[in-house]
Amino acid sequence: MSFPTFSLAQQRTSVPVRIDDEKCIADKGCTVCVDVCPLDVLAIDLTRGKAYMAFDECWYCMPCEKDCPTGAVQVDIPYLLR
Amino acid sequence: MNTIEREVDVLVIGGGTAGPMAAVKAKQAGPDLKVLLLEKAHVKRSGAISMGMDGLNNAVVPGFATPEQYVREITAANDGIVNQKTILAYAENSYAMIEELDRWGVKFEKDETGDYAMRKVHHMGTYVLPMPEGHDIKKVLYRQLKKNRIEITNRLVATRLIVGEDGRIAGTFAFDCRTGDFHVVRAKSVVLACGAAGRLGLPASGYLFGTYENPTNAGDGYSMAYHAGAELSGIECFQINPLIKDYNGPACAYVTGPFGGYTTNSRGERFIECDYWSGQMMQEFHNELSGGNGPVFLKLDHLAEETISTIETILHTNERPSRGRFHAGRGTDYRERMVEMHISEIGLCSGHSASGVWVDEHAATTVPGLYSAGDMACVPHNYMLGAFVYGRFAGVSAARHAQVHSHAAVAASQIEAERQRVWAPLLRESGLPPAQVEYKLRRMVNDYLQPPKVTKKMQLGLERFEAIREDLDLLHARNPHELMRAMEVHAIRDCAEMAARASLYRTESRWGLYHARVDYPERNDADWRVHVQLHKNAAGEMACFKRPLEPYVIAMDQDEHAAYQKLRIHKEAVPA
Ligand SMILES: Cc1cc2nc3c(=O)[nH]c(=O)nc-3n(C[C@H](O)[C@H](O)[C@H](O)COP(=O)(O)OP(=O)(O)OC[C@H]3O[C@@H](n4cnc5c(N)ncnc54)[C@H](O)[C@@H]3O)c2cc1C
Ligand code: SF4
Ligand code: SF4
């Protein structure tokens, strides 16, 4: 049986969650926002030691912003519904 | 990627609202039992009540309502199709649950004398208890989980239940959405509390995650119960909610109603008598929306400044707190403009309407050892307090079952088959991206299943869902996170097929917009005053059948029965 092949393209998307690098202390071991997100869409960029939004799959529910100890997270309404 | 096996006595799947309660109550009922709470996200902030709740929608508080009155209200609101015993069991245990939550530290609104400050929103009785400071409810639950030493695993996605060779429940399969590890959790009894099927219809914005329900609840629970052989009920009674247009929060007549806010048409006139969500109310909403007086608005601009700022504080800090940002972005100020409303995508949810796994008044499903509670268990209009009460029933029942049963024997082939199914998208070298398949599937759900329902359209929908079944074997995941999305597509497809089949089966109209069939516009009590059940039959096919109503335990008179049929405000004809 032969497998179908797929041609793929990368599409850009503007994500609703912004992290203030100045304030983020992921480099000191913080992972709070990543831990609490129900959709598991935040991650830590290990090379920079900062949190970021890895997937545009957000419920704009805000635990990440509310629970961040340094106030580094800002949740916006996703562009499509703004 | 590893395979990890473990054994517990009671397994609770889903750590949102009903799940944590079930785990705590199972442990309290059997302190020697090994109880595991397995959650897809993180129990600290998972589920519908992630950021708290604005209030209890269905509190039966002595002095305001009796359990019997509540049963009558919901029997009427759900057009007679209820197993009253399950609703009565809820109602009789609702007050004790409020008091327990109060002792645990959940904040409910009270008046000067310390009594609960009840509000009337329903058509007949008084059942709404506001909780403007309800933000901490998840914290309160978490404290109880710790105090009762419940073992918790986060970020494990349950995929299928394990059914023993004798037909008893035997545990679950799951995978870790960070590492891809495959888990086999064996248990003597299981509580399924995975919430609504919230990612069925596509929101009008096209944003896959802009759903009314927490999108983590993709319908996994419905699909798992189905494949385990459980009966589901009322699937054709869709969930459709009146929401702020483009924003997925309720426009919240429940919060604003008691302050004087209400739903209007574009002329600023009221058109429904009662803002309590029901299919009949949604039908009137839909009529107004698509008629000449549309669209529909939430009207607050007539209220005093003080009142409006109180409303803002509640609505912009609790439950769906990003609402304030949405309004700010559009320049909507409650003081100056009415808020445009729209109807939500369709979903399955017994918390709001009636679709779910069939359970009795002890939260038992039709599969021995399997219990269910919350939005995915069929106890109509059960909402948050119903999730807690049935969570308690399910926990206690599951503990009792585990005390007198051993682990069921499981065929090794079942384990191997599921591991292959789950890992396949990661092992494929290329294939279809999960988001693309999900988008198409959910657009088809909108095109073919969104009420008013048309027979031919639903049949075409089934053809499309069949075609997409083949695409499931082409899904490709680049990492364990994408694998989670891929497996959710499997569940969403199952739910779409269930929604179509159950809707086609019931050849009448009922529950207002929830099951408005254009080709069968009348309600037909002679043939359809029954539950429509759906299950996997002996041939492995999805099939529907009728289940007669249990005799009512609370008698209804004609007026009560018809109460929810008369929601539209009819203007007196003005003589010219
Ligand atoms: C926006 C909104 C507003 C609401 N407002 C009110 C209100 O004011 N008053 C009221 O009484 N009710 C309200 N409700 C309803 C109420 O919140 C729900 O009925 C109730 O919380 C449902 O509880 P649950 O345990 O069934 O689901 P949830 O609390 O959602 O929990 C389900 C859990 O299952 C987990 N899960 C899902 N799939 C899997 C899987 N495959 N494996 C493992 N875990 C899984 C999820 O992560 C989640 O934690 C509202 C609901 C919403 C969405
Ligand atoms: S919670 Fe705040 S500080 Fe911690 S990792 Fe996230 S953004 Fe950084
Ligand atoms: S708003 Fe909610 S879904 Fe979005 S990143 Fe924050 S926690 Fe996750």
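Residues numbered from 1 in each chain as written. Chains lettered and ligands numbered in written order. Predicted model: local features only at pLDDT ≥ 70, side-chain atom pairs only at ≥ 80, totals over all residues. Heavy atoms only, no water.

(A) Representation of the overall build of chain B. Regarding its fold elements, chain B presents 16 helices and 19 strands. Projected onto its principal axes, the C-alpha coordinates of chain B cover approximately 80 × 55 × 50 Å. For chain B, buried positions account for 65% of its 576 residues. For chain B, the proportion of contacts with a sequence separation of at least 24, taken over those separated by at least 6, is 74%. Carbon and sulfur atoms form 48% of the exposed surface of chain B, whose accessible area is close to 20,000 Å². (Helix = DSSP H or I, 4+ residues; strand = E, 2+ residues; numbered from the N terminus. Buried < 20%, exposed > 50% of the residue type's maximum accessible area, 1.4 Å probe, protein only. Contact = heavy atoms within 4.5 Å. Areas by Shrake-Rupley, 256 points an atom, 1.4 Å probe, with all protein chains shown as cover.)

(B) Summary view of the interface of chain A and chain B. Taken together, the contact pairs 32 residues of chain A with 40 residues of chain B. When chain A packs against chain B, close to 3,100 Å² is buried across both sides, 57% of that on carbon and sulfur atoms. Considering only the side of chain A, the residues that lose the most area to chain B are A:Phe6, A:Trp59 and A:Leu81, jointly responsible for 23% of the buried surface there. Linking chain A with chain B are five salt bridges. Close ionic contact of B:Arg325 with A:Glu65 constitutes a salt bridge, the shortest N to O distance being 2.7 Å. Linking chain A with chain B are 22 residue pairs in polar contact (both at pLDDT 80 or more). (Buried area = accessible area lost by both parts, 1.4 Å probe. Salt bridge = Lys/Arg side-chain N within 4 Å of Asp/Glu carboxyl O. Polar contact = N/O pair within 3.5 Å; in protein donor to acceptor, adjacent residues only side chain to side chain.)

(C) Summary view of the packing of aromatic side chains. Under the counting rule described, the total for this entry stands at 12 aromatic pairs over all chains. Each ring, one from A:Tyr60 and one from B:Tyr247, has its centre 5.9 Å from the other, and the planes form 50°; the classification is tilted. Of this pair, A:Tyr60 sits in the loop between strand E3 (50–53) and helix H2 (63–67) while B:Tyr247 sits in the loop between strand E12 (242–244) and helix H6 (253–256), which puts the two residues in different chains. Per residue, the accessibility class of A:Tyr60 equals that of B:Tyr247, and both read buried. (Phe/Tyr/Trp six-rings, centres within 6.5 Å; stacked < 30°, edge-to-face > 60°.)

(D) Up close: the sheet that holds E12(B). Residues and elements named next belong to chain B. Taken in spatial order, the four strands line up as E12-E15-E14-E13 in an open sheet, and their pairing is antiparallel. In this open sheet, the two strands that pair with only one neighbour each are E12 and strand E13 (262–264). Each strand axis lies, on average, 40° off the axis of its neighbour in the sheet, ignoring direction. Pairing of E13 with strand E14 (residues 296–299), which is carried by three bridges, proceeds in the antiparallel orientation. By the bridge assignment, threonine 263 is partnered in E14 with leucine 298. (Pairing = 2+ DSSP bridges. Axes fitted to C-alpha atoms, helices over the stretch in contact; angles between N-to-C directions.)

(E) Representation of the site of ligand 2 within the structure. Ligand 2 sits among 14 residues. The nearest are A:Cys24, A:Ile25, A:Cys30, A:Cys33 and A:Cys68. A breakdown of the residues in the shell around ligand 2 according to their chemical character gives 13 nonpolar, one polar and no charged. (Near = heavy atom within 4 Å. Nonpolar A, V, L, I, M, F, W, Y, C, P; charged D, E, K, R; others polar.)

(F) Spatial organisation of the site of ligand 3. What surrounds ligand 3 is a group of 15 residues, the closest being A:Cys37, A:Cys58, A:Cys61, A:Met62 and A:Cys64. Its residues assigned to classes, the shell around ligand 3 comprises 15 nonpolar, no polar and no charged.

(G) Looking closely at the environment of B:Tyr142. Residues and elements named next belong to chain B. On the secondary structure map, tyrosine 142 appears in helix H4 (residues 137–147). As for tyrosine 142 and alanine 364, which are separated by 222 residues in sequence, their C-alpha atoms are 25 Å apart. Setting aside its immediate chain neighbours within four residues, tyrosine 142 contacts Val43, Lys44 and Ile152.

(H) View of helix H1 (residues 18–29) of chain B. Residue and element names in this part refer to chain B. Compared with an ideal rise of 1.5 Å per residue, which puts 12 residues at 16 Å, H1 spans 16 Å between its outermost C-alpha atoms and is within 8% of the ideal. Among the 12 residues that make up H1, 10 are buried, leaving the element largely enclosed by the rest of the structure. Packing partners of the buried residues in H1 comprise strand E2 (10–13), strand E3 (35–38), helix H3 (84–104), H4, strand E10 (189–192) and helix H10 (383–404). (Expected span 1.5 Å × (residues − 1).)

(I) Highlighting the state of the cysteines. Following the criterion strictly, the structure yields zero disulfides over all chains and no others. Between B:Cys495, a free cysteine, and B:Cys194, which holds the nearest cysteine sulfur, the sulfur-to-sulfur gap is 11 Å. (Disulfide = S-S within 2.5 Å.)

(J) Seen up close, the side chain of B:Asn265. All names here are of chain B. Relative to the helices and strands, asparagine 265 is located in the loop between E13 and helix H7 (279–290). Judged by its relative accessible area of 2%, asparagine 265 is buried. Within the local environment of asparagine 265, its side chain forms a polar contact with the backbone nitrogen of arginine 267, the two atoms lying 2.9 Å apart. Side-chain polar atoms of asparagine 265 contact the side chain of glutamate 288, separated by 2.9 Å. When residues no more than four places from it in sequence are discounted, the contact partners of asparagine 265 are Phe271, Glu288, Asn293, Pro295, Phe297 and Met338.

(K) Region of interest: the pattern of salt bridges. This structure, assessed with the given rule, holds 48 salt bridges over all chains. The partner of B:Lys139 in a salt bridge is B:Asp136, and the shortest N-O contact between them spans 3.9 Å. The class for B:Lys139 is exposed, based on a relative accessible area of 53%. Among the ionic contacts, a cluster of salt bridges with common partners joins A:Glu57, B:Lys40, B:Arg199, B:Asp220, B:Glu438, B:Arg442, B:Arg485 and B:Glu488.

(L) Here's a closer look at the side chain of B:His286. Here B:His286 is to be found in helix H7. Contacts of B:His286, omitting those with residues within four sequence positions, involve B:Ile343, B:Pro452 and B:Leu513.

(M) Fine view of the packing of H3(B) against H10(B). Residue and element names in this part refer to chain B. Look at H3 against H10: their axes get within 8 Å of each other, and the N-to-C directions meet at 100°. Between H3 and H10, the angle is such that the two are roughly perpendicular. The segment H3 lies against H10, with Thr86, Ala89, Tyr90, Asn93, Ser94, Met97, Ile98 and Leu101 engaging Leu385, Gly386, Phe388, Val389, Tyr390, Arg392 and Phe393. Looking at the contact of H3 with H10 residue by residue, the classes come out as 10 nonpolar, four polar and one charged. (Parallel < 35°, antiparallel > 145°, perpendicular 65-115°, else oblique.)

Keep in mind these values describe shape, not function.
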